[in-house]
Amino acid sequence: MSNIREEWKYPTCVILYKTDNTSGWLMAKKSGSKEECEKLCNELTKQNKFTAYKCYVDSWDRYKIEIPLCQHIPSAYDLHMRSNFIWNTDEDKFYYPEEFMPYPSTLATQFTNQFFTDAKVEPEPDDDGFLNNLDSEEDFECISGILYFNEDVKIVIEAKPVMQDIPQFLKRLKTDGYSNLCIEEFWYTKFLAWRKDDNIRFIIQNYDADKVQIIFDKLIEQDLFYNEFEKLYNILKKKLAYVDDLYNEMTEPSGRKGN
């Protein structure tokens, strides 16, 4: 085991940086401690090559990165699992969730006045087998659900966190004109939404591949968009309340199996 550990002898850092005052970040990797990497970043800032940077300790590696500042774009699934960054496919830049991502310069694939949502929550039957029966107390620790968007998209979720995140997602969109929602890490999905005049540009990204895939991109009349998402929230809330009732029945002394 000691020989294996000794192979991983080069510390590396991930550096997010800007070369101008526009939004979004570029990413690089560099061998060295955080102090060594920040020293280089400070030098580049003094030379006006960086306008801003953020340095993070990343890992240890078997091989030293010979390029002083090696441009780095992680795979989509690695980005989603190991960080909260959002990849902007329009600009090829990284964004923090709290940052404002500019409206895409590309055209939406379709304007539609046909937008509908729906949801299932355990223990409803599901042909693909994502939803389970709730047969023991342990089954209630993580309640799965499925979101449906038109006929195009079906997303497996952990139902309670998504239900709780929807109101803030909508509130920020109404206030700031942009919002995002990250579906918990193991389902590799992010929602992006912008207000455009009286419409909402709604994009769903999938990170379960080497590159980020856009699986839904439509311009939707804003009242229809808000009504459907509020409906989705209420469906999840109602179904989770039913799950809570099932749990209470199971955990009451008279409802425990085997009693």
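Residues numbered from 1 in each chain as written. Predicted model: local features only at pLDDT ≥ 70, side-chain atom pairs only at ≥ 80, totals over all residues. Heavy atoms only, no water.

On to the pairing of strand β9 (residues 144–149), then. Each regular strand carries side chains that alternate between the two faces of the sheet. A large share of β9 lies buried, amounting to six of its six residues. Burial along β9 is two-sided: S144, I146 and Y148 and G145, L147 and F149, pointing in opposite directions, are all buried. Relative to β9, strand β8 (residues 117–121) runs antiparallel, the two sharing five bridges. By the bridge assignment for β9, K120 is matched with I146. (Buried < 20%, exposed > 50% of the residue type's maximum accessible area, 1.4 Å probe, protein only. Helix = DSSP H or I, 4+ residues; strand = E, 2+ residues; numbered from the N terminus. Pairing = 2+ DSSP bridges.)

Going through the model one piece at a time under the given rule, you end up with 28 aromatic pairs. Relative to F85, the ring of Y56 lies with its centre 6.5 Å away and its plane at 65 degrees, an arrangement referred to as edge-to-face. Linking Y56 in strand β3 (residues 52–61) with F85 in the loop between α3 (76–82) and β5 (86–88), this pair joins segments that are 29 residues apart in sequence. Here a set of aromatic residues connected by ring pairs shows up, and it is made of F115, F149, F169, F191, F202, F216, F225, Y226 and F229. The aromatic ring of Y226 is capped on one face by K174, whose charged end is 4.8 Å from the ring centroid. The ring centre of Y103 lies 4.9 Å from the NZ or CZ of K196, which sits over that ring. (Phe/Tyr/Trp six-rings, centres within 6.5 Å; stacked < 30°, edge-to-face > 60°. Lys NZ or Arg CZ within 6 Å of the ring centre and 35° of its normal.)

With that settled, the discussion passes to unusual backbone geometry. Across the junction of E122 and P123, the peptide omega takes the value 10 degrees, indicating a cis bond. Backbone geometry at Y188 places phi at a positive 55 degrees, although glycine is not the residue there. Position of Y188 relative to the elements: it lies in the loop between β11 (178–183) and β12 (189–196). What makes Y188 buried here is its relative accessible area of 19%.

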